[in-house]
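Inside the fold
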Amino acid sequence: MPKRKDLKSILIIGSGPIIIGQACEFDYSGSQSLRSLREDGIETVLINSNPATIMTDPSMADHVYLKPLTTKSIIQILKDHPNIDAVLPTMGGQTALNLCIEADEKGIWEDFDIEIIGVDINAINITEDREKFRELMLKIGIGMAPQATATSFLQGKEIAQEFGFPLVIRASYTLGGAGASIVYRPEDFDELLSRGLEISPIHEVMIDKALMGWKEYELELLRDKNDNVVIICTIENMDPMGIHTGDSITVAPAMTLSDTTFQRMRDMAIKMMRSIGDFAGGCNVQFAVSPDEKEDIIAIEINPRVSRSSALASKATGYPIAKIATKLAIGYHLDELENQITKSTSALFEPTLDYVIVKIPRWNFDKFEGSDRTLGLQMKSVGEVMGIGRSFQEALHKATQSLEIKRNGLGADGKGYTDYDKIIKKLTIPGWDRVFVIYDAIQLGIPLGRIHDITKIDMWFLKQYEELHFLEKEISGYNIETLPKELLLEAKQKGFADRQIAHMLSCYESEVHKKRSALGINRVYKLVDTCAAEFKAMTPYYYSTFEAEVETADGVRYVTNDSVVTDRKKIVVLGSGPNRIGQGIEFDYCCVHGVLAASECGYETIMINCNPETVSTDFDTADKLYFEPVFWEHIYDIIRHEKPEGVIVQLGGQTALKLAEKLDKYGIKIIGTSFKSLDLAEDRGSFSKLLKENNIPYPQFGVAETADEALQLADELHFPLLVRPSYVLGGQGMKIVINKEELEEHVVDLLRKIPNNKLLLDHYLDGAIEAEADAICDGEEIYIIGIMEHIEPCGIHSGDSNATLPPFNLGEFVMQQIKDHTKKIALALRTVGLINIQFAIKDDMVYIIEANPRASRTVPFIAKAYNEPYVNYATKVMLGEKKVKDFDFKPELEGYAIKQPVFSFNKFPNVNKNLGPEMKSTGESILFIDNLKDDEFYNLYTRRKMYLSK
């Protein structure tokens, strides 16, 4: 059946601000869905309150409502658009589903005659209500762990008595495992039961017998109205049951599953999807498998929507799940839709992988001082990376190189643990660094059997680790001159970085690169093509690997490379890597706009990024996508292969910016502001000299490299002092100190965590107002795109402040100083592209806190508030295609727009929630108000004096 003719206008509900448990993977799904509907000529209406995402870009939907995700907003939209026929709630995560249910219960959909598509309410209710779900599974013969529901404290106690420990408590209707915990001891049960009942919106928990050590799998399914079902991807968790899938290292395809068990699991997943309701769309099913020969399968849960792992599965297979799920929701059948990558097979064709993908989560525990860093049933990661390789080992190495945590891969960087007791403890209590600790344990000689007993990680994975260790040991017996070609090729095929090999051989990274180039050991690029090269793929989506040369009958030796270099002018855009606090989805928004703008200027666009959740890594955003770590060696090899005109670094946050020095050193052109200017803004001494020459005031400061120097400086600068390391993002390591004891303690701690870093000490302007400005500069002229005043006082990180556009309380004299300083600084830094400057205002004097000549966190917010594509303009300026005077700027905003930070403190119940100079928010929403008498503004303004954490 082709597309339904009666659906002319569809409402899509977004997922709101980014929180732990629901990140930008739903922004990716929602964006795909909107594009899918528009392809079919359907009018799209979107509600989402997140200004930082591509999804809420005016170009994505016919009508974008940046409103709070409430039924009140839904009613207003349905009144404004009486022609809306249906709502698609499956693209916005749990937030959208919960809002859809609430609107259904209030009779809103019925009142406005709106059909729910892509899922049915019964399916949501069955899967969310753990008791109903359990009854249904037992009815259709699908095994589940012994479990029971409790709606009171007393009931919970009785269930625990019956089942015995360990137990799992899960709260109903929550996201990211909120309120879930494993209870090993009776004395911990009361508190964890109370917490689960409290967190559940319906005050209900499910108590399960814990299946500790069982293996965990996820299947991504799609079904059409004809009841055709395809399994898009099977994902295996390397971590066994007991760790939330969002915090697990996951692998696709499944590695340790026998074929017969896989077929059983597949049949069960299809049976489960069919049993929960008759709807067309996507489903995510999770299973546990016993780690013995019997391989018993037990169902954990089913989500009738695109999930966190749908984005991962889409990027892993090249099969755009959200796009196809949307087509199915509007009536198409799978066999009527074409495979988006091959363009010659149908969407009913299940993807086949001839490579391996490894996903590793990215955590930010350092932002939550005193947080419980143990991994468990409640998700704590803020983002993730994905590595693609020809083997598990290569993919694992590429994923660890993508994390940006100052590691070069597994082992061979001198940063591993060597203390036996510490390693055993870290293996026993799962933490964020367990992926590295397993390698340390093997290096120390701890037997694989012992590691398996402690971690319950399948022996197959541990043997893969062991092989890497043996190879490192073997290579370490050589030097750069004597290392045989075969061993060097094997190390590269297993994913070891040049830096790691250099560490093994005690030489420089450049020497390893030079040797492998001389030996012809170069990266080749392979297609992600959904069909293991069985059919020709039309989509340029690549990963790198190393291959041995093949010799033909007539003696020609070669390696095949799927990435054909064209003779077009090319631009590379460096992505921002994994989401983390301080560098989130807003930089992906900037990268996508940068790619589109470069494309409009006639360039072939090349995107390099490793974040599976984002729109920048969608296979049809850029002309070519290299799904590779944003890690020097990988980038350099792509640049040598493609020979671009230059590289854009100012759109990918600190990740891309940090590579500017290397690019400059190797003579690769940086598009826009030069490395010299970027470095000048980061180097406090040189930057202050520039401010002095231009008569621009700044707080007194000094630079220290030791605790002694810091203590001496304190006498000159006077307390309170703001202490921070240089070259960091999101205020990492920043603190306000008020005496010498605090200063010494913080400096010693910082130098231990970030060795050889220069520390900046500023006199802190107590009680100052903070403001910031973003601008576009072409080196000669400047246009200020927005000036924001922070509601919170100076000293709270700008990412954690409520920022008001335009300012609400700055006089003309202050505003003029801000404009003058911004122009002077942008021109003095020879900025070409974007710049963000932060100010502290005290006694009507405007001081400079810092300047960043790059895209900032606030650029998407300003673009949405004023309805202007500023990143597009800035990119054209960077490329030299346009000057500032060529644009006709027409910002539109009635009243005020407020950027409101959103926190995920509920994942860390015992953490100090005071705000300070280190950023802690995970996302943001936008609030439009008509005037300053608005209740919301009044509430924010009265709370502005909340404590600064000193």
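Okay, so let's go over this structure. All values reported here derive from a predicted model rather than from experimental measurement.

1. Things to note about the sheet that holds strand E8 (residues 181–183)
The four strands lie next to each other as E6-E9-E7-E8, forming an open sheet whose pairing is antiparallel. Among the strands making up the open sheet, the edge pair consists of strand E6 (147–150) and E8. Strand-to-strand twist of the sheet, defined as the mean angle between neighbouring strand axes without regard to direction, takes the value 25 degrees. By the bridge criterion, four bridges tie E6 to strand E9 (residues 205–209) in an arrangement that is antiparallel. Looking at E9, one finds that Ala 150 is bridged to Val 205. Each of E6, strand E7 (167–171) and E9 is contacted by helix H6 (residues 130–139), which is oriented at about 150 degrees to E6, the strand it contacts most. Each of E6, E7 and E9 is contacted by helix H7 (residues 153–163), which is oriented at about 165 degrees to E6, the strand it contacts most.

2. Thoughts on the sheet that holds strand E1 (residues 9–13)
Two modes of strand pairing occur in sheets, parallel and antiparallel, and in both the strands are linked by backbone hydrogen bonds. With parallel pairing, five strands are arranged side by side in an open sheet as E3-E2-E1-E4-E5. Because the sheet does not close on itself, it has two edges, and the strands there are strand E3 (63–65) and strand E5 (115–116). Where strand E4 (residues 86–88) and E5 come together, two bridges link them in parallel fashion. Of the residues in E5, the one forming a bridge with Val 87 is Ile 116.

3. Regarding the side chain of Glu 216
With respect to the helices, strands and loops of the structure, Glu 216 is situated in strand E10 (residues 215–223). Buried charge Glu 216 goes without a salt bridge, the closest partner of opposite sign being Arg 170 at 6.9 Å.

4. Some thoughts on the packing of aromatic side chains
Applying the stated criterion to the full structure yields 25 aromatic pairs. For the pair Tyr 355 and Tyr 543, a centre-to-centre distance of 5.4 Å together with 50 degrees between the ring planes defines the contact as tilted. Of this pair, Tyr 355 sits in the loop between helix H11 (321–329) and strand E15 (356–362) while Tyr 543 is found in strand E18 (residues 541–545), placing the two residues 188 residues apart along the sequence. A relative accessible area of 0% means that Tyr 543 is categorised as buried.

5. A word on the layout of surface pockets
Approximately 1000 Å³ is the volume found for the second largest pocket. Surrounding the second largest pocket, 37 residues form its lining, Ile 182, Tyr 184, Asp 372, Thr 374 and Leu 375 being those nearest its centre. Elements supplying a minimum of two residues to the lining of the second largest pocket: E8, helix H8 (186–199), helix H13 (420–428) and helix H15 (448–455). The class makeup of the residues in the lining of the second largest pocket is 17 nonpolar, eleven polar and nine charged.

6. Thoughts on the environment of Lys 899
Tracing the chain through its elements places Lys 899 in strand E34 (residues 896–902). Overall, Lys 899 belongs to the buried group, its relative accessible area being 0%. Residues in contact with Lys 899, not counting those within four places in the same chain, are Ser 798, Gly 799, Ser 801, Asn 802, Ala 803, Thr 858, Phe 861, Glu 924 and Ser 925.

7. Quick look at the packing of helix H26 (residues 707–717) against helix H27 (residues 740–753)
Where H26 contacts H27, the axes come no closer than 9 Å and their chain directions differ by 145 degrees. In this structure, the crossing between H26 and H27 has a hand that is right-handed. Here H26 contributes Ala 707, Ala 710, Leu 711, Ala 714 and Asp 715 to the contact with H27, which in turn contributes Lys 740, Leu 743, Glu 744, Val 747, Val 748 and Leu 751. For the contact of H26 with H27, the class distribution of residues is eight nonpolar, no polar and three charged.

8. Some words on the environment of Lys 225
Within the secondary structure, Lys 225 sits in the loop between E10 and strand E11 (229–237). On a C-alpha basis, the gap between Lys 225 and Lys 882 in space is 50 Å, while along the polypeptide they are 657 residues apart. Setting aside anything within four residues of it in sequence, one finds Lys 225 in contact with Asp 278, Phe 279, Ala 280 and His 333.

9. As for a negative patch on the surface
A surface patch of like charges, here negative, comprises Glu 705, Asp 708, Glu 709, Glu 741, Glu 744 and Glu 745. Contributions of two or more residues to the negative patch are made by H26 and H27. In terms of residue count, H27 provides more of the negative patch than any other element does, three residues in total. Looking at the element boundaries, Glu 709 is found in helix H26. On the basis of relative accessibility, which here comes to 33%, the residue Glu 709 falls in the partly exposed class.

10. Remarks on the packing of helix H12 (residues 392–402) against helix H16 (residues 459–475)
At their nearest, the axes of H12 and H16 sit 10 Å apart, and the two run at 80 degrees to each other. By the angle class used here, H12 and H16 are roughly perpendicular. Facing Phe 392, Gln 393, Leu 396 and His 397 of H12, the residues of H16 in contact are Trp 460, Phe 461, Gln 464, Tyr 465, Glu 467 and Leu 468.

11. Concerning the pairing of strand E16 (residues 383–389)
Looking down a regular strand, the side chains alternate between one sheet face and the other. Taking burial as the measure, the seven residues of E16 include seven buried ones, the bulk of the element. With burial as the criterion, each face of E16 is covered, one bearing Gly 383, Val 385, Gly 387 and Gly 389 and the other bearing Glu 384, Met 386 and Ile 388. Across seven bridges, the pairing between E15 and E16 is antiparallel. Bridging across to E16, Val 356 finds its partner in Gly 389.

12. A few points about a nonpolar patch on the surface
Nonpolar side chains collect at one region of the surface, where Val 550, Val 556 and Tyr 558 lie side by side and expose about 240 Å² of accessible area between them. Here Val 550 is to be found in strand E19 (residues 550–551). Its relative accessible area of 40% is what places Val 550 among the partly exposed residues.

13. Let's talk about helix H25 (residues 684–693)
Every buried residue belonging to H25 is among Arg 684, Phe 687, Ser 688, Leu 690 and Leu 691, and all of these are buried. Each buried residue of H25 lies within a common arc of 155 degrees when the element is viewed along its axis, so the set occupies one face. In this structure, H25 carries Lys 689, Lys 692 and Glu 693 as exposed residues pointing more than 90 degrees from its buried face. As for H25, its buried residues are in contact with helix H24 (675–682), strand E25 (701–704), strand E26 (721–725), strand E28 (759–763), helix H28 (812–828) and strand E33 (845–852).

14. Digging into the nonpolar core
One finds Ile 10, Val 358, Leu 574, Val 649 and Ile 776 to be the most contacted residues of the largest nonpolar core, which totals 168 residues. If one sorts the elements of this core by residue count, helix H14 (residues 434–444) sits on top with seven residues. When neighbours within four sequence positions are excluded, Val 649 is seen to be in contact with Leu 574, Ala 656, Leu 657, Ala 660, Leu 663, Ile 670 and Leu 678. Within the second largest apolar cluster, 55 residues are counted, among which are Trp 109, Ile 116, Ile 124 and Met 137.

Rules used throughout
- Residues numbered from 1 in each chain as written.
- Predicted model: local features only at pLDDT ≥ 70, side-chain atom pairs only at ≥ 80, totals over all residues.
- Heavy atoms only, no water.
- Pairing = 2+ DSSP bridges.
- Helix = DSSP H or I, 4+ residues; strand = E, 2+ residues; numbered from the N terminus.
- Axes fitted to C-alpha atoms, helices over the stretch in contact; angles between N-to-C directions.
- Contact = heavy atoms within 4.5 Å.
- Buried < 20%, exposed > 50% of the residue type's maximum accessible area, 1.4 Å probe, protein only.
- Lys, Arg positive; Asp, Glu negative; His and termini not counted.
- Salt bridge = Lys/Arg side-chain N within 4 Å of Asp/Glu carboxyl O.
- Phe/Tyr/Trp six-rings, centres within 6.5 Å; stacked < 30°, edge-to-face > 60°.
- 1 Å grid on protein atoms, 1.4 Å probe; cavity = no way out; pocket = protein on both sides within 12 Å on 5 of 7 lines; lining within 4 Å.
- Points joined across faces, edges and corners; volume = space filled by probe spheres on them.
- Nonpolar A, V, L, I, M, F, W, Y, C, P; charged D, E, K, R; others polar.
- Left-handed = near helix turned anticlockwise from the far one by under 90°.
- Patch = residues over 30% accessible without salt bridge, like charges linked within 9 Å, V, L, I, M, F, W, Y side chains within 5 Å.
- Areas by Shrake-Rupley, 256 points an atom, 1.4 Å probe, with all protein chains shown as cover.
- Charge placed at Lys NZ, Arg CZ, Asp CG, Glu CD.
- Parallel < 35°, antiparallel > 145°, perpendicular 65-115°, else oblique.
- Arc of directions from axis to C-beta.
- Core = buried A, V, L, I, M, F, W, Y, C linked by side-chain atoms within 4.5 Å.

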